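Next come the chains, spelled out residue by residue.
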Amino acid sequence: MQKSYRVLEAAGPWVAGVRNPGKGKTIKLTEEQAQYAVIAGELEDPAADKAKPVDADKPAAKAKG
């Protein structure tokens, strides 16, 4: 099943074997097709933003004591 992935600025003219439609545009790929490009920072899964907790980027607070 294909999902939509957003093209990031780091992507070249071809992304996962598909012509790059432009920064910020979306392309439909299977998870297997997109896997390397996501790891390389060329694509992002917009659905992953919704699933990520709000404070996921902040370091954990240290316990006192």
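Check the entry above for the structure.
Residues numbered from 1 in each chain as written. Predicted model: local features only at pLDDT ≥ 70, side-chain atom pairs only at ≥ 80, totals over all residues. Heavy atoms only, no water.

Novice: Describe the overall build of the chain, naming the residues involved and giving the relevant values.
Specialist: A count of helical and extended segments in the chain gives two helices and five strands. Scored against the burial criterion, the 65 residues of the chain give a buried share of 20%. For the chain, long-range pairs separated by at least 24 residues make up 55% of all intrachain contacts whose partners lie at least 6 apart in sequence. Accessible surface computed for the chain: about 5200 Å², of which carbon and sulfur atoms make up 54%. (Helix = DSSP H or I, 4+ residues; strand = E, 2+ residues; numbered from the N terminus. Buried < 20%, exposed > 50% of the residue type's maximum accessible area, 1.4 Å probe, protein only. Contact = heavy atoms within 4.5 Å. Areas by Shrake-Rupley, 256 points an atom, 1.4 Å probe, with all protein chains shown as cover.)

Novice: Requested: an account of the sheet that holds strand 5 (residues 43-44), with residues and values cited.
Specialist: An order of 4-1-5 is seen for the three strands of this open sheet, with the pairing classed as antiparallel. Of all strands in the sheet, those with a lone pairing partner are strand 4 (26-29) and strand 5, marking the two edges. Pairing geometry for strand 1 (residues 3-7) and strand 5, over two bridges, is antiparallel. Along strand 5, the bridge assignment pairs Arg6 with Glu44. Across the sheet, helix 1 (residues 31-39) lies against strand 1, strand 4 and strand 5, angled at about 20° from strand 1, the strand it touches most. (Pairing = 2+ DSSP bridges. Axes fitted to C-alpha atoms, helices over the stretch in contact; angles between N-to-C directions.)

Novice: Could you give an account of the side chain of Asp45, naming the residues involved and the relevant values?
Specialist: Along the chain, Asp45 falls in the loop between strand 5 and helix 2 (46-51). Polar contacts involving the side chain of Asp45 include one to the side chain of Lys3, which spans 2.7 Å. (Polar contact = N/O pair within 3.5 Å; in protein donor to acceptor, adjacent residues only side chain to side chain.)

Novice: So what's going on with the nonpolar core? Which residues, and what values?
Specialist: Core analysis: the biggest nonpolar cluster contains nine residues, these being Tyr5, Val7, Ala11, Val15, Ile27, Leu29, Ala34, Ala37 and Leu43. Contributions of two or more residues to this core are made by strand 1, strand 4 and helix 1. Here Ile27 is in contact with Lys3, Ser4, Tyr5, Val7, Val15, Pro21 and Leu43, once residues within four sequence places are set aside. (Core = buried A, V, L, I, M, F, W, Y, C linked by side-chain atoms within 4.5 Å.)

Novice: Can you explain the pairing of strand 1? Please cite residues and give values.
Specialist: Where strand 1 meets strand 4, four bridges bridge the pair, whose relative direction is antiparallel. Across the sheet, residue Ser4 finds its bridge partner in strand 4, namely Lys28.

Novice: A description of the environment of Gly17 should follow, citing residues and the corresponding values.
Specialist: Within the secondary structure, Gly17 sits in the loop between strand 2 (14-15) and strand 3 (18-19). Under the relative-accessibility criterion, Gly17 is labelled exposed at 67%. Residues Gly17 and Leu29, twelve residues apart in the sequence, show an inter-C-alpha distance of 9.8 Å.

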